[in-house]
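# Tertiary structure, described
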Amino acid sequence: MANVIKLRKGLDIQLQGRAEETRLQLKSNGRYALVPDDFEGVTPKVVVKEGDHVKAGDALFVNKQYPQVRFASPVSGKVTAVERGERRKVLCVRVDADAQQEFVDFGKKDVSSLDGQSVVNALLEAGLFGYIDQLPYAVSTNPETMPKAIFVSALRDKPLACRFEYEVKGQEKDFLTGLQALSKIAKTYLGLGIQPDLQAQLQQMGAEQFVTLNVFDGACPAGNVGVQVNLVDPVNKGEVVWTIGDPTVVLFIGRLLNTGKVDLHRTVALCGSEVQKPVHVDMLVGEELSTLLSNSYDAAHSVRIINGNVLTGRQTSKEGFLGAHSSEITVIPEGDDADEMLGWIMPRLKQFSVNRSYFSWLQSPWFCSKKKEYVADARIKGGERHMIMSGEYDRVLPMDIYGEYLIKAIITGDIDRQEQLGIYEVSPEDFALAEFVDSSKLELQRIVREGLNILRKENA
């Protein structure tokens, strides 16, 4: 039986534009790119040059610090460009796909006969190992430090998220194979939501032989893998756990072992209030978004396109590429053309708020059982100001840490205090909701990332 963990803190933000659970078939324009910034903490070293021909599964770049960690091309084709930015930073490696796809054959493997090191070696060879992250530091992990445990979250609960239960239909065998492979490396925990479908299927297929199932009953961010680690087996100084917050990565691993090929297909929700017909599509990691976004929204409107969800995703454009961990492409109003009479003094019944400065609090999940969906734009609605110790973060942060004190310690650079307050347990996404409700308008995710990067350098 699965363990049920009840969370009493958090916040579900109901937005308009949820994708229907139907799939739209798209024809790709053949342009792809792998973006190193999708893999936090990786310093890329490009191992191909313009004009080279690669197969799906061939390495495009490696982690400079750990050269054995390769990153595979999603398609076969011609390398058309290695784009660089300031100080020759690698922005992306572009590949134009062949009409007929070729795959590197890594060989099918019987996962039951593999040990942990064999699984790691298979992932390194195929260029999939870099999709696994770690705590502390919330970065792409390295193969030289074995974890005390592995945490996988199959619960997507951020606004407009693509439900994994929908994506995994018909691929349960690959998912189970991936979980079994991870369990060979270390004790593996799988976090699920309260919906019984996937849990029942996994139990019927015998998943509990390999992994410990935990059901998280609560509002967002219950699906954050960092929250799940904190509630199940917290990370102390000197310890390492591997994390997979994107459950599609487990499918990547299972497909590799079952077929011997790298298959980076994933289901993506095209969602947001500006999308004319929100729907799901199957895309490859690194696929250009122009095909997906063509005629999907009114070009006359000023919009923000987000690679990911509204809380943690990155701003992009039609010429951008699907992120390695993105399960949503979200389109919302930019808000720069909003013209509101009397501005902030209006009661704002149609805009979501968690405090009583807007009258819409009467319809918030904390006060009203009826779920009203809102249209949110990209405006901050206020400037950065002094930090207010009001307990705002604690209402939406279901972790055993003092969020406001930790942020203050990071801002002041007090490393000893950061360690005492649990910085090894957190990742930037854990503070996404706190950033949303923060009346001080601080960029909490950026602050936490900078703090983790400094701590990582200090401890290197």
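The preceding data block contains the structure.
A brief look at the structure comes next. The model shown is predicted, which means the values in this text are computed figures rather than measured ones. (Residues numbered from 1 in each chain as written. Predicted model: local features only at pLDDT ≥ 70, side-chain atom pairs only at ≥ 80, totals over all residues. Heavy atoms only, no water.)

### What about the pattern of salt bridges?
The test is simple: Basic side-chain nitrogens of Lys or Arg form a salt bridge, by our definition, when they fall within 4 Å of a carboxyl oxygen of Asp or Glu. By the criteria applied, helices consist of DSSP H or I runs no shorter than four residues and strands consist of E runs no shorter than two, each listed in order from the N terminus. Burial classes: relative accessible area under 20% of the type maximum marks a residue as buried, over 50% as exposed, and values in between as partly exposed (1.4 Å probe, protein chains only).
Under the defined criterion, the tally for this structure stands at 22 salt bridges. The salt bridge involving arginine 163 is made with glutamate 21; its shortest N-O contact spans 2.7 Å. Pair noted here: arginine 163 is in the loop between strand 12 (149-153) and helix 2 (164-167) and glutamate 21 is in the loop between strand 1 (3-6) and strand 2 (23-24), with a separation of 142 residues, a long-range link. By relative accessible area, which is 29% here, arginine 163 ends up partly exposed. Taking the shortest distance from any N to any O, the salt bridge between glutamate 288 and arginine 31 comes out at 2.9 Å. Here glutamate 288 is found in the loop between strand 17 (279-284) and helix 7 (290-293), whereas its partner arginine 31 is found in strand 3 (residues 31-34), with 257 residues between them in sequence. Accessibility expressed as a relative area gives 5% for glutamate 288, which makes it buried. A relative accessible area of 36% means that arginine 31 is categorised as partly exposed. One network of salt bridges, with partners in common, ties together Arg156, Glu167, Asp246 and Arg266.

### Focus on the environment of asparagine 121
Turning to its location among the elements, asparagine 121 is positioned in helix 1 (residues 116-126). In sequence terms asparagine 121 and phenylalanine 352 are 231 residues apart; their C-alpha atoms lie 48 Å from each other.

### Brief notes about the nonpolar core
Basically, it comes down to this: For this analysis, a nonpolar core means a set of buried residues of the types Ala, Val, Leu, Ile, Met, Phe, Trp, Tyr and Cys, connected via side-chain atoms within 4.5 Å.
Core analysis: the biggest nonpolar cluster contains 68 residues, and Tyr131, Phe175, Leu182 and Leu190 have the highest contact counts within it. Sort the elements by how many residues they give to this core and helix 6 (residues 248-259) lands first, with 7 residues. Counting 51 residues, the second-largest nonpolar core is a separate cluster that includes Leu135, Phe352, Ala409 and Leu421.

### Description of the sheet that holds strand 20 (residues 328-333)
How we decide: For two strands to be treated as a pair, DSSP must find at least two bridges joining them.
With mixed pairing, the 6 strands of this open sheet are ordered in space as 2-17-16-20-18-19. Two strands in the sheet have a free side with no partner beyond their single neighbour: strand 2 and strand 19 (314-316). As defined by bridge partners, strand 18 (residues 303-307) adjoins strand 19 across 3 bridges and the pair is classed as antiparallel. Bridge pairing in strand 19 links isoleucine 305 to threonine 316.

### A short note on the sheet that holds strand 11 (residues 139-140)
Cut-off, in case you're wondering: We call two residues in contact whenever any of their non-hydrogen atoms come within 4.5 Å of each other. Comment: axis = line fitted to C-alpha atoms, over the contacting stretch for helices; angle = value between 0 and 180 degrees taken between N-to-C directions.
Pairing is mixed across the open sheet formed by 7 strands, whose spatial order is 1-14-13-12-15-10-11. What marks the edges here is a single partner per strand, and that holds for strand 1 and strand 11. Note that strand 10 (residues 133-135) and strand 11 share 2 bridges and pair antiparallel. Looking across to strand 11, one finds that glutamine 134 is bridged to valine 139. Along the sheet face, helix 5 (residues 225-232) touches strand 1, strand 10, strand 12, strand 13 (188-192), strand 14 (211-217) and strand 15 (241-244) and points at about 130° away from the line of strand 12.

### Here we look at helix 9 (residues 403-412)
Taken residue by residue, helix 9 has Gly403, Glu404, Leu406, Ile407, Ala409 and Ile410 as its buried positions. The secondary structure elements touched by the buried residues of helix 9 are helix 8 (392-396), helix 10 (415-420) and helix 12 (444-459). Glycine 413, located one to two residues past helix 9, shows a positive phi value of around 75°.

### Things to note about unusual backbone geometry
Put simply, leucine 135 and proline 136 share a cis peptide bond, and its omega is 10°. Mapped onto the fold, proline 136 is located in the loop between strand 10 and strand 11. Omega for the bond connecting cysteine 220 with proline 221 falls within 30 degrees of zero, at 15°, which places this linkage in the cis form. The topology assignment puts proline 221 in the loop between strand 14 and helix 5. In this structure, arginine 87 is a non-glycine residue whose phi angle is positive, near 55°. Its place among the elements puts arginine 87 in the loop between strand 8 (77-84) and strand 9 (90-97).

### Re the side chain of glutamine 180
Mapping glutamine 180 onto the fold places it in helix 3 (residues 172-185). The exposure class of glutamine 180 is buried, given its relative accessible area of 14%. Here glutamine 180 is in contact with Val111, Ser112 and Phe210, once residues within four sequence places are set aside.

### Re the environment of aspartate 115
Structurally, aspartate 115 can be placed in the loop between strand 9 and helix 1. Distance from aspartate 115 to leucine 182, taken between C-alpha atoms, is 9.9 Å for residues 67 residues apart in sequence.

### Looking at the packing of helix 3 against helix 6
The criterion, for reference: In these notes the angle categories are as follows: under 35 degrees is roughly parallel, over 145 is roughly antiparallel, 65 to 115 is roughly perpendicular, and the rest is oblique. Amino acid classes used here: Ala, Val, Leu, Ile, Met, Phe, Trp, Tyr, Cys and Pro are nonpolar; Asp, Glu, Lys and Arg are charged; the rest, including Gly, are polar.
Orientation of helix 3 relative to helix 6, taken along the N-to-C sense of each, is 95°, at an axis distance of 7 Å. As the angle between them shows, helix 3 and helix 6 are arranged roughly perpendicular. Of the residues in helix 6, those touching helix 3 at Lys173, Asp174, Phe175, Thr177, Gly178, Leu179, Ala181 and Leu182 are Val250, Leu251, Ile253, Gly254, Arg255, Leu257 and Asn258. Per-class residue counts for the contact of helix 3 with helix 6 are 8 nonpolar, 4 polar and 3 charged.

### Observations concerning the packing of aromatic side chains
Let me state the cut-off plainly: Pairs were defined over the aromatic rings of Phe, Tyr and Trp, the Trp ring being its six-membered one, requiring ring centres within 6.5 Å. Orientation was assigned from the angle between planes: stacked under 30 degrees, edge-to-face over 60, tilted for the rest. Lysine and arginine charges are scored as sitting over a ring when NZ or CZ, respectively, is within 6 Å of the ring centre and within 35 degrees of the ring normal.
Counted according to the given criterion, the structure contains 9 aromatic pairs. Pairing tyrosine 131 with phenylalanine 252 gives two aromatic rings, centres 5.8 Å apart and planes at 80°, and the pair type is edge-to-face. Taken together, the residues tyrosine 131 in the loop between helix 1 and strand 10 and phenylalanine 252 in helix 6 connect sequence positions 121 residues apart. For the pair shown, tyrosine 131 and phenylalanine 252 are each scored as buried. Residues phenylalanine 151 and tyrosine 189 carry aromatic rings whose centres are separated by 4.7 Å and whose planes lie at 15° to one another, so their mutual orientation is stacked. Placement of the pair is phenylalanine 151 in strand 12 and tyrosine 189 in strand 13, with a sequence separation of 38 residues. Residue class for phenylalanine 151 comes out buried when judged on its relative accessible area of 1%. In this structure tyrosine 189 comes out as buried when scored by relative accessible area, which is 11%. Among the aromatic residues, ring-to-ring pairing joins Phe39, Phe61, Phe71, Tyr131 and Phe252 into one connected group. For the cation-ring pair, arginine 23 lies above tyrosine 166, with the distance from its terminal atom to the ring centre recorded as 4.7 Å. The side chain of lysine 372 reaches across the aromatic face of tyrosine 374, ending 5.6 Å from its centre.

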